[in-house]
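A structural walkthrough
In case you want the letters, here they are:
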Amino acid sequence: MNVDVGTIDLGDLGLDRGGHLLIKRALRGLPVGGQLDVHGRHPELAVHLRGWCRSEGHPVRFFTDVDAGGAIARITRGPAETGRWRGALAAGAADPAVAGAVVDRPSPRWGLAARGAKVEQGSPAFDFPIVAKEVVWADEAAALYAQAAAAQWDPATAVDWTAPITHPDEIEDTVVQVMTFLIENETAALIVPASFLARIHPHFREVLQLLAIQAADEARHIEVFTRRALLLRKDLGLSTAGGQESLKTLLEEPDFALAFFLLSILGEGSFLSLLWFLHENAPDPVTRQVARLAAQDEARHVAFGLAHLRRHLDADPALRPRLAAAVKERHDALADTAGLNEEVFDALVVLAAGSWDHAAIASGYERVVKLQSDMDQARRGRLLRLGFAESEAEALSALHTRNFM
Ligand SMILES: [Fe+2]
Ligand SMILES: [Fe+2]
């Protein structure tokens, strides 16, 4: 018996209702040139077989005298299917821990294909401008994404929105002002990763996932700060020109490394200190809770910034002076703006004071001055971790925007 002749009986099943899947499957079990005898009772079987075999590139011969139950046609397996996938490229490998899984420069033709998929030749080229692994990648991305996914909290239930707020109206004014400032900054922190996300080659899947969940974190921060501001009031506070000028420079930075250096290392790093300060000093439990929840998320955002920038700096030490130049340029660009956000500084003092008592104001003032020095210390520490010299770290931290973000 010829091992290359197979048989399939479709019974009543026609090619109009999935019969072709069974034929395809049977042909796949045969070598190119192998033959398949098709039996079946569907009245249109011969017509449909003729069309299908033509479109799939399989020669077919019909039997004229078909006995009851005999084969109505013999299909010879054509080379089309193997030919189509010959030359297909494996787009890396799914598991990033496998050597070579994440390549340095993924092909534009891998496009949206899952990493590790086999990509048919002739797939369209996509224009993802960010394709360099050293620019975006961090081995920590997958773990940070998993942490973030596990740590998502529901603003409706994670905060006790009914906790008592007993402080005077004027103190509430300062809380609303600080929330207004936070919302504006969180909006910048949402837009920057979201805009880069759409430009990164999807081969770097874990980075896309992490930036997406980071944007979702910021969406929740915006929500809880807005909700806190409106808890007792109908209106928000002031937005300053200087604050917006500062954030605008972040949104306008087109370079991935520079943007995340300014946003995550310097900006979100400073915000971490601010949020923990609010957690400890805010006059009511709701404000303390929303600040803590946001701070926990921000720590991951800073961690990812440190991880990909450290890797990038290892691969390209010339990046370090570019990072330093970006801080100086931003400082110069903002030199003519009011810079110091008086409304926020004053609001923080009164918020920390909790009353207009002289001693309380003096203590609030001291704590805000200490907050600024804590921010500076923390920024310098992160700059040292990125390999900057002590003196350089000190100088760059001092040049960081007084808007905090
Ligand atoms: Fe945030
Ligand atoms: Fe953030």
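Throughout what follows, the structure given in this document is the object of discussion.

Another aspect to go through is the overall build of the protein. Summing up its helical and strand segments, the protein has 15 helices and 6 strands in all. For 405 residues, the compact-globule formula gives about 22 Å, and the C-alpha radius of gyration of the protein, at 31 Å, lies well above that figure. Projected onto its principal axes, the C-alpha coordinates of the protein cover approximately 110 × 50 × 30 Å. Looking at the protein as a whole, 47% of its 405 residues are labelled buried. Surface summary for the protein: the accessible area is close to 18,900 Å², and the carbon and sulfur share equals 54%. Between the centroid of the 41 positive side chains of the protein and the centroid of its 54 negative side chains there is a distance of 9 Å.

Now for the sheet that holds strand 2 (residues 35-39). Working definition: the strands of a sheet are paired by backbone hydrogen bonds and lie parallel or antiparallel to each other. Strand order in this open sheet of 4 strands is 1-2-4-3, and the pairing throughout is mixed. Looking at strand neighbours, the two that pair on one side only are strand 1 (5-9) and strand 3 (60-62), the edges of this open sheet. Going across the sheet, the axis of each strand differs from the next one's by a mean of 20°, ignoring polarity. With 3 bridges joining them, strand 3 and strand 4 (residues 73-76) adopt antiparallel strand pairing. Each bridged residue has a counterpart across the sheet, and for V60 the counterpart in strand 4 is I75. Its contacts with the sheet put helix 2 (residues 45-56) on strand 2, strand 3 and strand 4, and the angle it makes with strand 3 is roughly 160°.

Only E186 (OE), E218 (OE), H221 (ND1) and E298 (OE) from the protein reach the iron ion (ligand 1) as donors, at distances of 1.9 to 2.2 Å. Note that the iron ion (ligand 1) binds 4 donor atoms; their angles at the metal cover 83 to 148°, and the shape is irregular. Look at where the donors of the iron ion (ligand 1) fall in the sequence and you get E-x31-E-x2-H-x76-E. The distance between the iron ion (ligand 1) and the iron ion (ligand 2) comes to 3.6 Å, with E218 serving as a donor to both metals. One end of the pair, E218, and the other, H221, are both in helix 8 (residues 205-229), 3 residues apart, so they sit about a helical turn from each other. This pair shows no difference in class: E218 is buried, exactly as H221 is.

A word on the coordination of the iron ion (ligand 2). The coordination sphere of the iron ion (ligand 2) contains the protein donors E218 (OE), E268 (OE), E298 (OE), E298 (OE) and H301 (ND1), at a distance range of 1.9 to 2.7 Å. Positions of the donor residues of the iron ion (ligand 2), expressed as sequence spacing, correspond to E-x49-E-x29-E-x2-H.

The next subject is the nonpolar core. Counting 88 residues, the largest nonpolar core has L182, F261, L274 and L348 as the members making the most contacts within it. Of all the elements, helix 10 (residues 256-281) adds the most residues to this core, at 16 residues. With sequence-adjacent residues up to four places away left out, L182 is seen in contact with F225, F271, L274, L275 and L278.

Running from N to C, helix 5 (residues 141-150) and helix 8 point in directions that differ by 35°, and their axes come no closer than 9 Å. The chirality of how helix 5 crosses helix 8 is left-handed. Together, A141, A142, L144, Y145, A148 and A149 of helix 5 and E206, V207, Q209, L210 and I213 of helix 8 make up the contact between the two elements. Taken together, the residues of the contact of helix 5 with helix 8 sort by class into 9 nonpolar, 1 polar and 1 charged.

Rules behind the numbers
Residues numbered from 1 in each chain as written. Chains lettered and ligands numbered in written order. Predicted model: local features only at pLDDT ≥ 70, side-chain atom pairs only at ≥ 80, totals over all residues. Heavy atoms only, no water. Helix = DSSP H or I, 4+ residues; strand = E, 2+ residues; numbered from the N terminus. Rg over C-alpha atoms; globule rule 2.2 N^0.38 Å. Buried < 20%, exposed > 50% of the residue type's maximum accessible area, 1.4 Å probe, protein only. Areas by Shrake-Rupley, 256 points an atom, 1.4 Å probe, with all protein chains shown as cover. Lys, Arg positive; Asp, Glu negative; His and termini not counted. Charge placed at Lys NZ, Arg CZ, Asp CG, Glu CD. Pairing = 2+ DSSP bridges. Axes fitted to C-alpha atoms, helices over the stretch in contact; angles between N-to-C directions. Contact = heavy atoms within 4.5 Å. Donors = N, O, S within 2.8 Å, 3.2 Å for Na, K, Ca; no water. Tetrahedral: all angles 85-135°; square planar, octahedral: opposite > 155°, others 65-115°. Core = buried A, V, L, I, M, F, W, Y, C linked by side-chain atoms within 4.5 Å. Left-handed = near helix turned anticlockwise from the far one by under 90°. Nonpolar A, V, L, I, M, F, W, Y, C, P; charged D, E, K, R; others polar.

All quantities given are derived from atomic positions and should not be read as evidence of function.
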